[in-house]
Amino acid sequence: MTRAAVRSACSKVAASNPPESPSDSALVAGVRNGSQADFNRLYERYFQRVYTFAYVRVRNHADAEEIAQETFTAVFRSIEGYRGQSSLLSWLYGIAKNTVNNHLRRAKARESWLERAEPNLWITRATNQATPEDELSMRRYADAIHQRLDSVAEWQVEVFVLRHLEDLPIREIARRMARSNDAIRSCLYRVKRLLVEAGDPNFAVTMP
């Protein structure tokens, strides 16, 4: 199930419910059998609750919607793991909680990187005292960095932080992020390229 498919489920609003709506167990069985219709019903039944659960914790509508979508993507991928020992809603909340925690952890890592990196942007190239032109140039560069980091996923920023600020080896980062070594290297290259493109000719990061 791709995220696009999850988003499409949100856009489908049922005109009316049948007299007897399918039970949660029936929907789970249908999703396990690959039924897009049953997944859509499950999505429509519980999306608002999962969204509200996320919003209470992140206080941002866009982030809450993204978390809800990620939650239902995870639901589709792990539906075989649902054993019915708790209610379906409780199981969904458990996945949503993990997704929220991952989101907050990535956001914290990103903010930490920006806080630690941004002071370096104000070092002048030749003198100890910045000229107005230097300050304007650095402000523009800082804005460019923020814009470019907004174009990559939070996990990619976290990878950059783990490698270049915490100095973790590629293998350990790959283990933590549950991705291949090649995926981590590709991510590092992409973030480095975006930062270089931000316009500071003195900015450089040694690639692994």
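Look up a bit, the structure's there.
Bear in mind that the values here come from a model prediction, so they are computed numbers and not experimental data.

Engineer: Residues and numbers for unusual backbone geometry, please.
Structural biologist: Its identity is not glycine, yet Arg59 carries a phi of approximately 55 degrees, on the positive side. The topology assignment puts Arg59 in the loop between α3 (36–58) and α4 (61–78).

Engineer: Tell me about the nonpolar core, residues and numbers included.
Structural biologist: Residues Tyr46, Phe72, Leu88, Trp91 and Leu92 are the most contacted members of the largest nonpolar core, which totals 27 residues. Only α2 (24–32), α3, α4 and α5 (88–117) provide two or more residues apiece to this core. Ranked by residue count, the leading element in this core is α3, at ten residues. Leu162, Ile170, Met177 and Val191 belong to the second-largest nonpolar core, a separate cluster that totals 14 residues.

Engineer: Report on the packing of α3 against α4, specifying residues and quantitative values.
Structural biologist: When two helices pack together, their arrangement is given by the angle between the helix axes and by the axis-to-axis distance. Contact pair α3 / α4: the axes reach a minimum separation of 8 Å and the direction vectors enclose 135 degrees. Considered as vectors, α3 and α4 are oriented oblique to each other. Crossing handedness for the pair α3 and α4: right-handed. When α3 is examined against α4, the residues Phe39, Leu42, Tyr43, Tyr46, Phe47, Val50, Tyr51, Ala54, Tyr55 and Val58 are found in contact with a partner set consisting of His61, Asp63, Ala64, Glu65, Ile67, Ala68, Gln69, Thr71, Phe72 and Phe76. Residue composition of the contact of α3 with α4, by class: 15 nonpolar, three polar and two charged.

Calculation notes
- Residues numbered from 1 in each chain as written.
- Predicted model: local features only at pLDDT ≥ 70, side-chain atom pairs only at ≥ 80, totals over all residues.
- Heavy atoms only, no water.
- Helix = DSSP H or I, 4+ residues; strand = E, 2+ residues; numbered from the N terminus.
- Core = buried A, V, L, I, M, F, W, Y, C linked by side-chain atoms within 4.5 Å.
- Buried < 20%, exposed > 50% of the residue type's maximum accessible area, 1.4 Å probe, protein only.
- Axes fitted to C-alpha atoms, helices over the stretch in contact; angles between N-to-C directions.
- Parallel < 35°, antiparallel > 145°, perpendicular 65-115°, else oblique.
- Left-handed = near helix turned anticlockwise from the far one by under 90°.
- Contact = heavy atoms within 4.5 Å.
- Nonpolar A, V, L, I, M, F, W, Y, C, P; charged D, E, K, R; others polar.

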